[in-house]
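One letter stands for each residue in the lines below.
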Amino acid sequence: MKLLTGLVFCSLVLGVSSRGWFSFLGEAYDGARDMWRAYSDMREANYINSDKYFHARGNYDAAQRGPGGAWAAEVIREDD
C-alpha cells in the first residue's frame with residue numbers, strides 16, 4: 001500500500017511540474033516572438049534613434065507573457 005501511495009504522490013508531483021515546464025516554454029516562445037515582432041517593426045519603420053523604443057516595447061510585451069516571457073526578454077536583451 002505504501003508503494004501505491006508513493007507512486008500516486010510522485011505522479012501528481014510530476015504532472016504539476018511538467019505542466020509548469022510546458023507553460024514556461026510556451027511563454028518563452030511567445031516572448032521571443034514578441035521580441036522578433038518589435039525588431040521587425042523597427043526595421044520596417046527605419047527611423048533614426050528609434051531602436052530604444054522598439055527594444056523597450058519588445059521587452060514589455062515579452063515580460064507580460066509571464067515568467068517564461070520575462071526570461072526570454074532577459075536572454076535576448078543581453079545580446080544588445
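Note that this is a predicted model, so its numbers are computed, not measured.

1. A look at the packing of helix 2 (residues 51-63) against helix 3 (residues 67-77)
As a packed pair, helix 2 and helix 3 sit with axes 7 Å apart at the nearest point and diverge in direction by 150 degrees. Relative to helix 3, the element helix 2 is oriented roughly antiparallel. Here Asn 59, Ala 62 and Ala 63 of helix 2 lie close against helix 3, whose contacting residues are Gly 69, Ala 70, Ala 73 and Arg 77.

2. Let's talk about the pattern of salt bridges
Proximity of charged atoms lets side chains of opposite charge pair with each other. One pass over the full model with this rule turns up four salt bridges. Across the salt bridge formed by Arg 33 and Asp 30, the nearest N and O atoms sit 3.4 Å from each other. You can see Arg 33 and its partner Asp 30 sitting in helix 1 (residues 2-45), three residues apart, about one turn around the helix. Look at Arg 33 and you get partly exposed, because its relative accessible area is 39%. With a closest N to O distance of 3.1 Å, Arg 37 and Asp 34 form a salt bridge. With Arg 37 and Asp 34 both in helix 1 and three residues apart, the pair spans about one turn of that helix. According to the relative accessible area criterion, Arg 37 is partly exposed, its value standing at 38%. Linked by salt bridges that have partners in common, Asp 34, Arg 37 and Arg 65 make up one network.

3. A look at the confidence of the model for the chain
Do not read the fine detail of predicted coordinates wherever pLDDT is low. Per-chain confidence: the chain averages 78 in pLDDT, with 71% of residues scoring 70 or above. Mean pLDDT values for the elements of the chain range from 73 in helix 1 up to 91 in helix 2.

What counts, and at which threshold
Position numbers for residues count from 1 along each chain, tracking the sequence in the order it is written. The predicted origin of the model limits local features to residues at a pLDDT of at least 70 and limits the giving and counting of side-chain atom pairs to 80 or more, whereas totals for whole chains, interfaces and linings rest on all residues. Derived side-chain values reflect all non-hydrogen atoms in the structure, with water molecules and hydrogen atoms excluded from consideration. Fitting a line to C-alpha atoms yields each axis, with helices limited to the stretch in contact; the angle taken between N-to-C directions then spans 0 to 180 degrees. Strands here mean DSSP runs of E at least two residues long; helices mean DSSP runs of H or I at least four residues long; both are numbered from the N terminus. Roughly parallel covers angles under 35 degrees, roughly antiparallel covers those over 145, roughly perpendicular covers 65 to 115, and oblique covers all other angles. Throughout, a residue-residue contact means that at least one pair of heavy atoms, one from each residue, lies within 4.5 Å. A side-chain nitrogen of Lys or Arg and a carboxyl oxygen of Asp or Glu constitute a salt bridge if their distance falls within 4 Å. Here the term buried applies to any residue with accessible area under 20% of the maximum for its type, exposed to any over 50%, and partly exposed to those in between, with areas from a 1.4 Å probe on protein chains only. Each residue carries a pLDDT value, the predictor's own confidence for that position, ranging from 0 to 100.

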